[in-house]
Amino acid sequence: MRVFQVQCKMEIIRVLRNRYFVFWSLMMPILFYYIFTNVVNTHPQDEGAWQAHYLMSMTVFSVMGSSIMTLGIRMVQERAQGWSTFMRITPLSDSVYFAAQMAGQSVIHILSITVIFIAGALINNISLSAVEWVMSGLWILLGSLPFLAIGTLIGLMRKVETAAGVSNVLYMVLAVSGGLWMPIEVMPKVMQTIAQWLPSYHFGSGAWEIASGHAPEWKNILLLVAYLVLFMLLSKYIRRKQEAV
Amino acid sequence: MTEVLTLKNVTKSFRQKTAVNNISFSISKGEVVAILGPNGAGKTTTISMILGLLRPTEGEVKLFNRQPQEKQVREKIGTMLQEVSVMPGLKVREILELIRSYYPHPLPVKDLVNLTGLTEEDLKTRAEKLSGGQKRRLSFALALAGNPELIIFDEPTVGMDITSRKRFWQTVRTFAAQGKTIIFSTHYLQEADDAADRILLFKDGAIAADGAPAQIKARIAKPSVSFTAAPDISLEPLYHHSEIDDIYRKNNRVYVQSSNTDRVLELLFQEKLGARDIQIERGKLEEAFEELTSTTKEAI
Ligand SMILES: Nc1ncnc2c1ncn2[C@@H]1O[C@H](COP(=O)(O)OP(=O)(O)O)[C@@H](O)[C@H]1O
Ligand SMILES: [Mg+2]
């Protein structure tokens, strides 16, 4: 148990010291949030609803980013630099290592969610009920699982540069086409149809539902679970193929 | 004596290449063993199999009578790999604390610092900012962190300056005196000779010799008798004597290699070869070793 705690603590320290994380997962979402709710006037019908909606978008954007990027790139880095080889010689078991990484990521996500929620609430004086705050936070925490699975897929790549490039593009494409930057209602019809099949849209959609006083739809949950299973199987398959060589 | 490590008929083949070919040996508690051989001899491949990083194609590797991958084994070994690597994002002290937490009876950080020559300043430095030499020291400290019974180093002194090298061997001797088992690989004969009490000489993936440094040296560096002789003199008669290991011409001189030089002199006169300007040469170790090395290169 002590091993797990120390491992978790170190994972968290490493993420917090990563400047990319602080910039992309904390500063950027808050900055965007400020710009699109205060500077640029989007003429929403219901100002309060739009502010809550966009706060959810940005929090989802942040957590999705650190799920895909932080974990994946670090896995590639550790492998490329031989650290994972060294870890295999230590008595630390693979499962504890993996569990600690996941737990560490979750703590980081809770931190991101809390920071962005507080920033949003302060900037625009958003009034959600306590239950809505907690439920939307939980949704974002759990909804990140398929994206963590994407992170482990990215983590199977051999070169840090490729991993960074691919994950960056994937992250942006998923964010924009999933309606996290602007609602899909203002996008062309084709984009709206595509969004219906993207995990990022359903990740956001659940949070938007909660913020507007509803429960997430079954479809949101179903699609995220389906993607989680798909990515996990894919990652397992690729790992087995890599080991065979 | 208790056996710490046993390899039985171990072979490792990569797609086209057999890197290690049917080797067997065992190492007892308290031995300091050098795996000596030129580049490409199969040292790293052998060490990787001992550490359970590679699976042998054939044969069996046992540490403390268990499989290399078992946790009980991992708790008793410490290692420094050929490619030094550190965990980015953490300070040296944090990495030491982290790795120490994996082992049941780790060495205190203070001891690790003293043993490896890390400084207080180093402890506060982030791993990615360390110089090559500092990384080596950290990697050395990580190998010792769990207070291991068996320590394995793959080419540990490559990239170390003289001071670090000295300190490294000093620490190794301290550990050896405590009854720990130490295995290290090197391609320097001198290093193996100085530090080990047993040498496994690797050549082309096989063990060419296994013994105390003095034995190995006697084997690879044979004394010879050299002389000048008229070019038309046939050296044929000498070939019939089994005491003679090798005969070759170099710089207009004939060299006759044998561990028994007295007998060679006797033969020279007996066979009436008209040898002049006779000299007896002690075997040059480094030269002999290099010769061994060069044949390996040709084989690749
Ligand atoms: N993963 C690998 N795939 C193919 N060949 C390899 C691999 N690893 C090592 N070899 C080959 O096996 C031989 C032994 O390599 P190695 O054990 O690294 O030697 P050493 O450590 O003694 O220099 C070399 O010829 C090397 O090219
Ligand atoms: Mg090597």
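Quantities reported herein were computed from a predicted structural model and do not represent experimental measurements.

### Focus: the coordination of the magnesium ion (ligand 2)
Residues and elements named next belong to chain B.
- Protein coordination at the magnesium ion (ligand 2) comes from Thr 44 (OG1) and Gln 82 (OE1), with a distance range of 2.0 to 2.4 Å. Of the two residues, Thr 44 is situated in helix α1 (residues 43-50) and Gln 82 in the loop between β5 (77-80) and α3 (92-100); the sequence distance between them amounts to 38 residues.
- For Gln 82, a relative accessible area of 33% translates into the label partly exposed.

### Concerning the confidence of the model for chain A
- Per-residue confidence for chain A gives a mean pLDDT of 91, with 99% of residues at or over 70.
- The least confident element of chain A, judged by mean pLDDT, is helix α2 (residues 19-39) of chain A at 89; the most confident is helix α6 (residues 130-143) of chain A at 96.

### What about the sheet that holds strand β1 (residues 3-13) of chain B?
Residue and element names in this part refer to chain B.
- Sheet architecture is open: 3 strands sit in the order β2-β1-β4, paired in antiparallel fashion. Sheet topology places β2 (18-28) and β4 (58-63) at the edges, where each strand pairs with a single neighbour. Between one strand axis and the next, the sheet turns through 15 degrees on average, direction left out of account.
- Of the strand pairs in this sheet, β1 and β2 are connected by 7 bridges, and their pairing is antiparallel. Note that in β2 the partner of Ser 13 across the bridge is Thr 18.
- Strands in contact with α1 are β1, β2 and β4; relative to β1, the strand with the most contacts, it is inclined by about 120 degrees.

### Re unusual backbone geometry
Residues and elements named next belong to chain B.
- Positive phi values are uncommon outside glycine, yet Asn 22 reaches one of about 50 degrees.
- With respect to the helices and strands, Asn 22 occurs in strand β2.
- In this structure Asn 22 comes out as partly exposed when scored by relative accessible area, which is 44%.
- With phi around 65 degrees, Asn 65 is a residue other than glycine that occupies positive phi space.
- Relative to the elements of secondary structure, Asn 65 occurs in the loop between β4 and α2 (71-74).
- The exposed category is assigned to Asn 65, whose relative accessible area is 66%.

### Section: the environment of Glu 271 of chain B
Residues and elements named next belong to chain B.
- You can see Glu 271 is positioned in the loop between α10 (261-270) and β13 (276-281).
- When the C-alpha atoms of Glu 271 and Leu 235 are compared, they prove to be 9.3 Å apart, with 36 residues separating the residues in sequence.
- Residues contacting Glu 271, with those up to four places away along its chain left out, are Pro 237 and His 241.

### Structural notes on the pairing of strand β11 (residues 246-250) of chain B
- In terms of strand pairing, β11 of chain B meets strand β12 (residues 253-257) of chain B through 5 bridges, oriented antiparallel. Within the sheet, the bridge partner assigned to Arg 249 of chain B lies in β12 of chain B and is Val 254 of chain B.

### A few points about the packing of aromatic side chains
All names here are of chain B.
- Summed over the entire model, instances satisfying the criterion amount to 20 aromatic pairs over all chains.
- With a centroid separation of 5.0 Å and 70 degrees between ring planes, the pair formed by Phe 153 and Phe 168 is classed as edge-to-face. Here Phe 168 lies in helix α7 (residues 162-177) and Phe 153 lies in strand β6 (residues 150-154), a separation of 15 residues in the sequence. As far as burial versus exposure is concerned, Phe 153 and Phe 168 are alike and both buried.
- In this structure, Lys 76 is placed above the aromatic ring of Phe 64, and the distance from its NZ or CZ to the ring centre is 4.6 Å.
- For Lys 250, the ring lying beneath its charged end belongs to Tyr 255, and the centroid distance is 5.8 Å.

### Section: the pattern of salt bridges
Residues and elements named next belong to chain B.
- By the definition in use, this model includes 16 salt bridges over all chains.
- With a closest N to O distance of 3.2 Å, Glu 31 and Arg 198 form a salt bridge. Taken together, the residues Glu 31 in the loop between β2 and β3 (32-36) and Arg 198 in strand β8 (residues 198-203) connect sequence positions 167 residues apart. Each member of the pair, Glu 31 as well as Arg 198, is classed as buried.

Conventions and cut-offs
- Numbering of residues starts from 1 in each chain and follows the order in which that chain's sequence is written.
- As they are written, the chains are lettered A onward and the ligands numbered 1 onward, keeping that order.
- This being a predicted model, a pLDDT of at least 70 is required before a residue's local features are given, and a value of 80 or more before pairs of side-chain atoms are given or counted; all residues contribute to the totals for chains, interfaces and linings.
- To obtain the side-chain values, all non-hydrogen atoms of the structure were used and water was disregarded.
- Water is absent from the atoms considered, so a metal site may look incomplete; donors are defined as N, O and S atoms within 2.8 Å of the metal, or 3.2 Å for Na, K and Ca.
- Under the DSSP-based scheme used, a helix requires at least four consecutive residues in state H or I and a strand at least two consecutive residues in state E, with every element numbered from the N terminus.
- Exposure is judged per residue with a 1.4 Å probe applied to protein chains only, and the accessible area is read against the type maximum: over 50% gives exposed, under 20% gives buried, and values in between give partly exposed.
- Values of pLDDT, which run from 0 to 100, indicate the predictor's confidence residue by residue.
- The pairing criterion is simple: DSSP has to find at least two bridges between the two strands.
- Working convention: axes come from line fits to C-alpha atoms, limited for helices to the stretch in contact. Angles between N-to-C directions cover 0 to 180 degrees.
- In this analysis, two residues are considered to be in contact whenever any of their non-hydrogen atoms come within 4.5 Å of each other.
- Pairing of aromatic side chains requires ring centres within 6.5 Å, counting the rings of Phe and Tyr and the six-membered ring of Trp. Pairs whose planes differ by under 30 degrees are stacked, by over 60 edge-to-face, and all others tilted.
- For a Lys NZ or an Arg CZ to count as sitting over a ring, it must be within 6 Å of the ring centre and within 35 degrees of the ring normal.
- The rule for a salt bridge is simple: a side-chain nitrogen of Lys or Arg has to be within 4 Å of a carboxyl oxygen of Asp or Glu.

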